Amino acid sequence: MTNGIILYRGPSVIDGKPIVVIATGLMTGGSNTKTGHMVQIYIMRADLNPLKAVQIGEDVSVCAGCRHRGRIIVKDGERKNVERSCYVTLMHGPRVVWDAFERGLYPEVPLAKARKLLARRKIRLGSYGDPGAAPIAVWEQVLDQVSELTGYTHLWRKFPTLSAFCMASCDTEAEREEAKALGFRTFRVRGKDDPKLEGEGHCPASKEMGKATQCSLCLLCGGSRTAAKADITIIAHGAGAKSFERFKEHENA
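What this report covers is the structure whose coordinates are included nearby. Counting restarts for each chain: residues are numbered from 1 in the order of the written sequence. Confidence filtering applies because this is a predicted model: local features only for residues at pLDDT of at least 70, side-chain atom pairs given and counted only at 80 or more, and all residues used for totals across whole chains, interfaces and linings. As a rule here, side-chain values cover all heavy atoms of the structure and leave hydrogens and water aside.

A carboxyl oxygen of Asp or Glu within 4 Å of a side-chain nitrogen of Lys or Arg is what we treat as a salt bridge. Throughout the structure, instances matching the rule amount to 15 salt bridges. Notably, a salt bridge pairs Arg67 with Asp171, separated by 2.6 Å at the nearest N-O pair. Separated by 104 residues along the polypeptide, Arg67 in the loop between α2 (60-63) and β4 (71-75) and Asp171 in the loop between β8 (167-170) and α6 (173-181) bring together distant segments of the chain. Under the scheme applied here, a residue whose accessible area is under 20% of the maximum for its type counts as buried, over 50% as exposed, and between as partly exposed, the area being computed with a 1.4 Å probe on protein chains only. For Arg67, a relative accessible area of 34% corresponds to the partly exposed category. When its relative accessible area of 5% is taken as the criterion, Asp171 is described as buried. A single network of salt bridges, built from pairs that share partners, joins Arg176, Glu177, Lys180, Arg188, Glu200 and Asp231. Secondary structure counts use DSSP, requiring at least four H or I residues in a row for a helix and at least two E residues in a row for a strand, with both numbered from the N terminus.

So, in structure tokens, the structure goes:
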């Protein structure tokens with residue numbers, strides 16, 4: 001049995017450019033210390049190393065207009081990404097998975113077989129990339145028999161059916177209210193001095209909560225699949241904290 005499989009390879013729903021969806025950790029259970037043992041699903045450009053794609057703005061195929069992508073400037077005749085606030089460290093999982101994909105280490109399997117291979121497992125949907133980039137039919141088939149999952153999407157306005165698998169990623173109170181009206185549970189990033197709102201709970205795996213548990217044990221971020229009713233919130237952290245504060249200043253201007 002291989003440690004990873006290709007679930008989908010074809011045009012992005014976002015812009016029609018080639019993407020690939022890869023599930024890893026089928027044998028090892030994954031090595032992410034925050035999430036714990038979960039099958040990790042990556043959504044990436046099939047023709048570009050993710051580091052290159054981000055640097056030139058071609059990651060739009062898998063991340064659409066997410067504000068955490070940063071912005072592209074041209075300096076000395078070259079395109080460069082600045083002010084990126086995404087929590088995903090590209091040099092880790094995405095680069096390693098894409099390199100293995102480029103070497104042909106992951107077999108492409110029919111969706112029916114993928115459903116059996118993922119059955120009764122805990123899944124992290126979108127370890128990199130937005131689930132909205134792949135056809136919803138892919139998720140409906142391959143996730144049909146999974147034990148538990150976590151997932152997030154910034155494309156909740158465009159694809160409300162993702163509420164079955166994903167939390168709506170929100171950055172403002174207004175976005176949270178809009179997403180809830182579409183049937184989503186929400187995962188809201190907030191500033192360090194911003195209070196949580198009524199109906200929100202803290203992310204138990206966050207720094208502010210002392211990293212009390214791992215995602216594989218918590219599993220509150222499973223969209224409408226989970227019995228949990230509360231929304232989740234987390235304080236912007238790491239390299240993204242300053243970028244988030246700049247975003248807030250812009251929104252309030």
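Even without a glycine there, the phi angle at Asp76 is positive, about 55 degrees. Among the secondary structure elements, Asp76 is positioned in the loop between β4 and β5 (78-82). Take Asp76: its relative accessible area is 76%, and that puts it in the exposed class.

What follows concerns the side chain of Arg188. Here Arg188 shows up in strand β9 (residues 186-190). Separated by 3.2 Å, the side chain of Arg188 and the backbone oxygen of Pro195 make a polar contact. Under the rule applied, a polar contact is a pair of N or O atoms within 3.5 Å (in protein, one hydrogen donor and one hydrogen acceptor; residues adjacent in sequence only if both atoms are side-chain atoms). Polar contacts involving the side chain of Arg188 include one to the side chain of Glu200, which spans 2.8 Å. When residues no more than four places from it in sequence are discounted, the contact partners of Arg188 are Cys170, Thr172, Glu173, Arg176, Pro195, Lys196, Leu197, Glu200, Ile232, Thr233 and Ile234. Contacts are assigned to residue pairs that have any heavy atoms within 4.5 Å of one another.

This brings us to the sheet that holds β8. Strands are treated as partners if at least two bridges between them are detected by DSSP. Read across the sheet, 9 strands follow the order β1-β2-β3-β6-β7-β8-β9-β11-β10 without closing on themselves; strand pairing throughout is mixed. Strand pairing shows two members of the sheet lacking a second neighbour, β1 (4-11) and β10 (200-202), which therefore form its edges. On average, each strand axis in the sheet is tilted by 25 degrees relative to the strand beside it, whichever way the strands run. The sheet contact formed by β8 and β9 spans 3 bridges and is parallel. Within the sheet, the bridge partner assigned to Cys170 lies in β9 and is Arg188. Fitted lines through C-alpha atoms serve as axes, helices being fitted only where they are in contact, and the angles separating the N-to-C directions of these axes extend from 0 to 180 degrees. The strands that helix α4 (residues 111-118) touches are β1, β2 (18-24), β3 (39-45) and β6 (122-128); relative to β1, the one it contacts most, it runs at about 140 degrees.

With that out of the way, let us pick up the nonpolar core. Definition of nonpolar core: a set of buried residues of the types Ala, Val, Leu, Ile, Met, Phe, Trp, Tyr and Cys, connected through side-chain atoms within 4.5 Å. Of all hydrophobic cores here, the largest spans 51 residues; its most connected members are Leu7, Leu118, Tyr128, Trp139 and Leu143. Ignoring any residue separated from it by four or fewer positions in sequence, one finds Leu7 in contact with Val21, Ala23, Ile41, Leu111, Ala114, Leu118, Val138, Trp139 and Val142.

The next thing to look at is α6. Residue pairs three or four apart in sequence face the same way in an α-helix, which turns once every 3.6 residues. Along α6, the residues classified as buried are Glu175, Arg176 and Ala179. With its buried residues spanning 100 degrees around the axis, α6 presents them on a single face. When the buried face of α6 is taken as reference, the exposed residues oriented beyond 90 degrees from it are Ala174 and Ala181. In this structure, the buried residues of α6 make contact with β8, β9, β10 and β11 (231-235). At the exit of α6 stands Gly183, carrying a positive phi of roughly 100 degrees. Of all possible arcs, the one meant is that of the directions from the helix axis to the C-beta atoms.

Moving on, we get to the environment of Asp144. By the element assignment, Asp144 lies in the loop between α5 (136-142) and β7 (148-153). In this structure the C-alpha to C-alpha distance between Asp144 and Ala119, which are 25 residues apart in sequence, comes to 7.7 Å. In this structure, Asp144 is in contact with Arg115 and Trp139, ignoring residues within four places of it in sequence.

Our focus in this paragraph is the state of the cysteines. Any two cysteine sulfur atoms lying within 2.5 Å of each other are counted as a disulfide. Considering all chains together, one arrives at 0 disulfides under this definition. No disulfide involves Cys86; its sulfur sits 6.4 Å from the nearest other cysteine sulfur, which is in Cys63. In this model Cys166 remains outside any disulfide bridge; the closest cysteine sulfur is found in Cys221, 11 Å from its own. Assessed through its relative accessible area of 0%, Cys166 is described here as buried.

Take Arg190: it is sitting in strand β9. For the charge count, each Lys or Arg is scored as positive and each Asp or Glu as negative, with His and the chain ends excluded. The buried charged residue Arg190 lacks any salt bridge partner; its closest oppositely charged side chain belongs to Glu208, at an N-O distance of 4.1 Å. There is a polar contact of 3.2 Å between the side chain of Arg190 and the side chain of Thr233.

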